[in-house]
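A structural walkthrough
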Amino acid sequence: LRTGSDWVTVAAPEKVAWAINCLSPDIITKKIDCNFFTSKNILEIIEISNRFDTILIGPGLGDNKETLLFCNQVINQIKQPKVIDADAIKSIAIQEVNNSIITANQRELNILINNSNIKSSKIEDIQPFLGNNIIISKGNPDIIISDKKIAYNETGNPGMTVAGTGDILAGIISGFVSQKNNLFDASCAGAYLCGKIGDDLLQESGNSFLASDFIDKISDYLKV
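I will try to describe carefully the structure that is included in this document. Bear in mind that the values here come from a model prediction, so they are computed numbers and not experimental data.

1. Section: the overall build of the protein
When its secondary structure is counted, the protein shows seven helices and eight strands. Over its C-alpha trace the protein gives a radius of gyration of 17 Å, about what one expects of a compact globule, namely 17 Å for 224 residues. With the C-alpha coordinates aligned to their principal axes, the bounding extent of the protein is approximately 45 × 45 × 30 Å. By the burial criterion, 47% of the 224 residues in the protein qualify as buried. Here the analysis covers contacts within the protein between residues at least 6 apart in sequence; of these, 52% occur between residues at least 24 apart. Element-wise, carbon and sulfur atoms account for 51% of the exposed surface of the protein, whose accessible area totals about 11600 Å². One way to put it: in the protein the 20 positive side-chain charges average out to a point 4 Å from where the 26 negative ones average out.

Right under this line is the structure:
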């Protein structure tokens, strides 16, 4: 929402969706009749997804075996641009997905490489397998990789390993993609902005900042 999306809907199991409604009046929820996502929910989620410009999948998803199978099928069938984060990364091989940004920490990147049967000694070895996808390898620095380009983002600091900052990054990038920015540019801009805010918070608060502290600072940069 803070990066320009005018309508955000969270599809979640019913109890989770009601909790989200209590936390924010700005987010619409779609309450799915389940305790966790399984193959029974695939058609409903795809139908909902078809109404939107960009799909973010992964944060808070969980890694139940049935949920990962659901996630793999949903990702393969959704045509719109996708941001794939967190547990959703565990469900895919890079060759199976398209039109996607994958935001992975080192552990998640290792899982993706293993799922994809890629023999890799360095991050650049992934390039020939990317197709029209982008990978953001989160670290120091962040590495943003397409099939033709590699960019490095040096904003950010170790305090950003606090839980939830990866979700903030994925949300920022989703907002940029929803405004029809290409996937590589949205990835670079999102990584830079999230890291820059993290650096400001470190100066202000030391390592006591939280992921939720990022949100209100986003507009400080986008209004310039």
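Now, onward.
2. A look at the packing of helix 2 (residues 42-49) against helix 3 (residues 65-77)
Between helix 2 and helix 3, the shortest axis-to-axis distance is 10 Å and the interhelical angle comes to 35°. The way helix 2 lies across helix 3 gives a crossing that is right-handed. Together, Ile-42, Ile-45 and Ile-46 of helix 2 and Phe-70, Gln-73, Val-74 and Gln-77 of helix 3 make up the contact between the two elements. Split into classes, the residues belonging to the contact of helix 2 with helix 3 amount to five nonpolar, two polar and no charged.

How each quantity is defined
- Residues numbered from 1 in each chain as written.
- Predicted model: local features only at pLDDT ≥ 70, side-chain atom pairs only at ≥ 80, totals over all residues.
- Heavy atoms only, no water.
- Helix = DSSP H or I, 4+ residues; strand = E, 2+ residues; numbered from the N terminus.
- Rg over C-alpha atoms; globule rule 2.2 N^0.38 Å.
- Buried < 20%, exposed > 50% of the residue type's maximum accessible area, 1.4 Å probe, protein only.
- Contact = heavy atoms within 4.5 Å.
- Areas by Shrake-Rupley, 256 points an atom, 1.4 Å probe, with all protein chains shown as cover.
- Lys, Arg positive; Asp, Glu negative; His and termini not counted.
- Charge placed at Lys NZ, Arg CZ, Asp CG, Glu CD.
- Axes fitted to C-alpha atoms, helices over the stretch in contact; angles between N-to-C directions.
- Left-handed = near helix turned anticlockwise from the far one by under 90°.
- Nonpolar A, V, L, I, M, F, W, Y, C, P; charged D, E, K, R; others polar.

Bear in mind that shape data such as this cannot, by itself, settle questions of function.
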